[in-house]
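This is what each chain is made of:
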There are 2 protein chains.
Amino acid sequence: MAIDDTWYTEEWADQGSAISLKIKTKLCDLQSPYQRIEIFETESFGRLMTLDGLVMVTGRDNFIYHEMLTHPALCSHMQPEKVLIIGGGDCGTLKEVLKHEAVKHVDMVELDADVTHAAEEFFPELCSSNHDPRAAIHFEDGIKWVKDADEQRYDVILVDSTDPVGPAAGLFEIEFYRQCFRALTDNGILALQSESPLFHTSLIQAVDDSLGQAGFAKRKLFHFPQCTYPSGWWSATVAAKNGTLSVDLLRRPTLDTRYYSHELYAAAAIPPRFLQS
Amino acid sequence: MAIDDTWYTEEWADQGSAISLKIKTKLCDLQSPYQRIEIFETESFGRLMTLDGLVMVTGRDNFIYHEMLTHPALCSHMQPEKVLIIGGGDCGTLKEVLKHEAVKHVDMVELDADVTHAAEEFFPELCSSNHDPRAAIHFEDGIKWVKDADEQRYDVILVDSTDPVGPAAGLFEIEFYRQCFRALTDNGILALQSESPLFHTSLIQAVDDSLGQAGFAKRKLFHFPQCTYPSGWWSATVAAKNGTLSVDLLRRPTLDTRYYSHELYAAAAIPPRFLQS
């Protein structure tokens, strides 16, 4: 077989590996002020959105990522009323957050309006909660938003970012974590996508260290399969401002999910042995 | 970028997707009586062995698969003295089994001697226990071996097979499971690789049903990341002859592992919600 131009390919350059998805048609190709946005109809993964050639979301497997970034964090908080999402332009995280009845208000702060507009057109299933009266979508710089936010404004902050290069690099820096710490209530929870346990082991450790230095006494890595992200294995790091983060304190709301369950909360937080500290 | 002939590519044909590994050199290409065996030096995954063009093992990530096929099964048995491995020609499973001091004898029954000889030459780290006095390697048909085995001969049987096509198809049939049941002691444990939770959901359910019909009252699916197998997410199904299979009954020997831990035993057995029955 040959991987020709009927395939979309993402090369994981520093890892000598690549994934390819068979394409039926290209639905959209636009250059936003920030990045190139392409949307494809694939043969077996539903629709695919790429940003500058990197997979952002597929219709088939995005549920795992969105659920695992959202629910461990929100269930770690007893009363998550005010939530901030940084990034998350495809709106899948927003949809998961709004499944929590406890939530009264969500600010979603996405840099690139064109990503969200493309999601609304081509991934309507991810955007079905965009008009929920609890949701406010802002097209602004998330780093600046957090810096400008009042102290203790949010119960939970979710960082649904792209990889730590380009505009998203600042989302992996200690100064950003310090601002998140400041903007969180005393029992506040921060969660961020933290790349692949197999490919980015040292990044995961560096994020954990930086969160500790920023004041988050307790951090947990949640890991999960994610077929179309590098290595097929991904993680979210959840950090608690007041130092408690325990399955014994888990809030267990009824949630309509396909991957996450409250039993999986504890399970996904057991690290592979090579990541045990 | 182009995926050209400096890459090895495995297409997951019915799933419209493919993985590619960047190749430095090809070390071996031979046609055995059963299959084409190729070995490559890759850029980032160590050495790669393929059988008829499908990834069997890479130096980088095989530890997860081998540990997760072996240790949940062997730790589910209080005294696993006599072990049978069906397949497992690369010897990685044999090496994991022999980490258990309780084990007194292992029969490894691999159809294709050339696979094992290639592993001995190119994956010496997987074959480091091949000369353990407790190990006996037989190049024979595993299905016939089990059929001919005395009743209650083995405490644990591990089926380390290729996909359910060609010579390995019989390893996914109820008649084979019945013979395994017969060849196991009363407290016996059977474990088999059972493909991808994302791609092969119906196969996983069919295997579980067949094991039940063959007499195994209790089965558990253990799932884990496996970067270079289809979807990057894989599973082993463990079945108990006498119906007990519980973390409360877990044997907890000291094991030198990189992925598996006794905490992960329970964690890996929590299914994603879409697989909950």
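Keep in mind that this is a model prediction, so the values were computed, not measured.

A. A look at the overall build of chain A. When its secondary structure is counted, chain A shows seven helices and 12 strands. Expected size for 277 residues packed as a compact globule is a radius of gyration near 19 Å; at 18 Å, chain A falls within 12% of this value. Overall size of chain A, expressed as C-alpha extent along the three principal axes, is 55 × 45 × 35 Å. With 277 residues in all, chain A has 61% of them scored as buried. Counting contacts in chain A only where the partners sit at least 6 residues apart, residues at least 24 apart contribute 66% of the total.

B. Spatial organisation of the pattern of salt bridges. Counted under the stated rule, the structure contains 23 salt bridges over all chains. For Glu96(B), the salt bridge identified is with Lys99(B), shortest N-O distance 3.0 Å. Of the charged contacts in the structure, one is a salt bridge between Lys144(B) and Asp148(B), with a shortest N-O distance of 2.7 Å. Here Lys144(B) and its partner Asp148(B) are both found in helix H4 (residues 142–148), four residues apart, which amounts to about one turn of the helix. One network of salt bridges, in which partners are shared, links Lys26(A), Asp29(A), Arg36(A) and Glu38(A).

C. Structural detail: helix H3 (residues 113–122) of chain A. Buried residues of H3(A): Val115(A), Thr116(A), Ala118(A), Ala119(A) and Phe122(A), and no others. Angularly, the buried residues of H3(A) cover 160° about the axis, an arc narrow enough to put them on a single face.

D. View of the relation of the copies chain A and chain B. Note on the identical chains: chain A maps onto chain B by a rotation of 180° and an axial translation of 0.0 Å, with an RMSD of 0.0 Å. Given the turn and translation reported, the copies of this chain are related as if by a two-fold rotation axis. Looking at chain A, 100% of its interface residues are interface residues in chain B too, so the copies touch through the same face.

E. The arrangement of the pairing of strand E1 (residues 7–12) of chain A in detail. Taken across its six residues, E1(A) has five buried, putting it largely inside the fold. The hairpin turn running from E1(A) into strand E2 (residues 17–31) of chain A, its antiparallel successor, is four residues long, and Gly16(A) in that turn takes a positive phi close to 50°.

F. Looking closely at the sheet that holds strand E11 (residues 218–225) of chain B. Residues and elements named next belong to chain B. Across the sheet, which stays open at both edges, the seven strands sit in the order E8-E7-E6-E9-E10-E12-E11 with mixed pairing between neighbours. Two strands close off the open sheet at either side, each with one partner strand: strand E8 (135–138) and E11. Sheet twist, expressed as the average angle between the axes of neighbouring strands with direction ignored, equals 15°.

G. Molecular detail of the pairing of strand E2 (residues 17–31) of chain B. Here E2(A) pairs with E2(B) via five bridges, running antiparallel. Residue pairing in the sheet places Leu21(A) in a bridge with Ser17(B) of E2(B). Taking the residues that link successive antiparallel strands as the turn, the E2(B)-strand E3 (residues 36–42) of chain B hairpin has four residues.

H. Region of interest: the interface of chain A and chain B. Between chain A and chain B, the residue contacts involve 43 residues of the former and 43 residues of the latter. Interface area, chain A with chain B, both sides summed: about 3,400 Å², of which 63% is carbon and sulfur. In this structure, the connection of chain A to chain B is made through 22 residue pairs in polar contact (both at pLDDT 80 or more). Counting residues per element, the ones that place at least two in the side of chain A that touches chain B are E1, E2, helix H1 (62–75), strand E11 (218–225) and helix H7 (262–268) of chain A. With six residues, the top contributor of residues to the side of chain A that touches chain B is E2(A).

I. Examining the packing of aromatic side chains more closely. Going through the model one piece at a time under the given rule, you end up with 22 aromatic pairs over all chains. Geometrically, the ring pair formed by Phe199(A) and Phe45(B) is edge-to-face, given 6.0 Å between the ring centres and 75° between the ring planes. On the criterion of chain membership, the pair formed by Phe199(A) in the loop between strand E10 (184–193) and helix H6 (201–213) and Phe45(B) in the loop between E3 and strand E4 (47–51) is interchain, its members lying in two chains. For the residue pair Phe199(A) and Phe45(B), the accessibility class agrees, reading buried in each case. Among the aromatic residues, those joined into a ring-pair cluster are Phe63(A), Tyr259(A), Trp233(B) and Phe274(B). Seen from the ring of Phe63(B), Arg258(B) lies directly overhead, with NZ or CZ sitting 3.9 Å from the centre.

Reading the values: rules and limits
- Residues numbered from 1 in each chain as written.
- Chains lettered and ligands numbered in written order.
- Predicted model: local features only at pLDDT ≥ 70, side-chain atom pairs only at ≥ 80, totals over all residues.
- Heavy atoms only, no water.
- Helix = DSSP H or I, 4+ residues; strand = E, 2+ residues; numbered from the N terminus.
- Rg over C-alpha atoms; globule rule 2.2 N^0.38 Å.
- Buried < 20%, exposed > 50% of the residue type's maximum accessible area, 1.4 Å probe, protein only.
- Contact = heavy atoms within 4.5 Å.
- Salt bridge = Lys/Arg side-chain N within 4 Å of Asp/Glu carboxyl O.
- Arc of directions from axis to C-beta.
- Least-squares fit on C-alpha atoms with pLDDT ≥ 70 in both.
- Pairing = 2+ DSSP bridges.
- Axes fitted to C-alpha atoms, helices over the stretch in contact; angles between N-to-C directions.
- Buried area = accessible area lost by both parts, 1.4 Å probe.
- Polar contact = N/O pair within 3.5 Å; in protein donor to acceptor, adjacent residues only side chain to side chain.
- Phe/Tyr/Trp six-rings, centres within 6.5 Å; stacked < 30°, edge-to-face > 60°.
- Lys NZ or Arg CZ within 6 Å of the ring centre and 35° of its normal.

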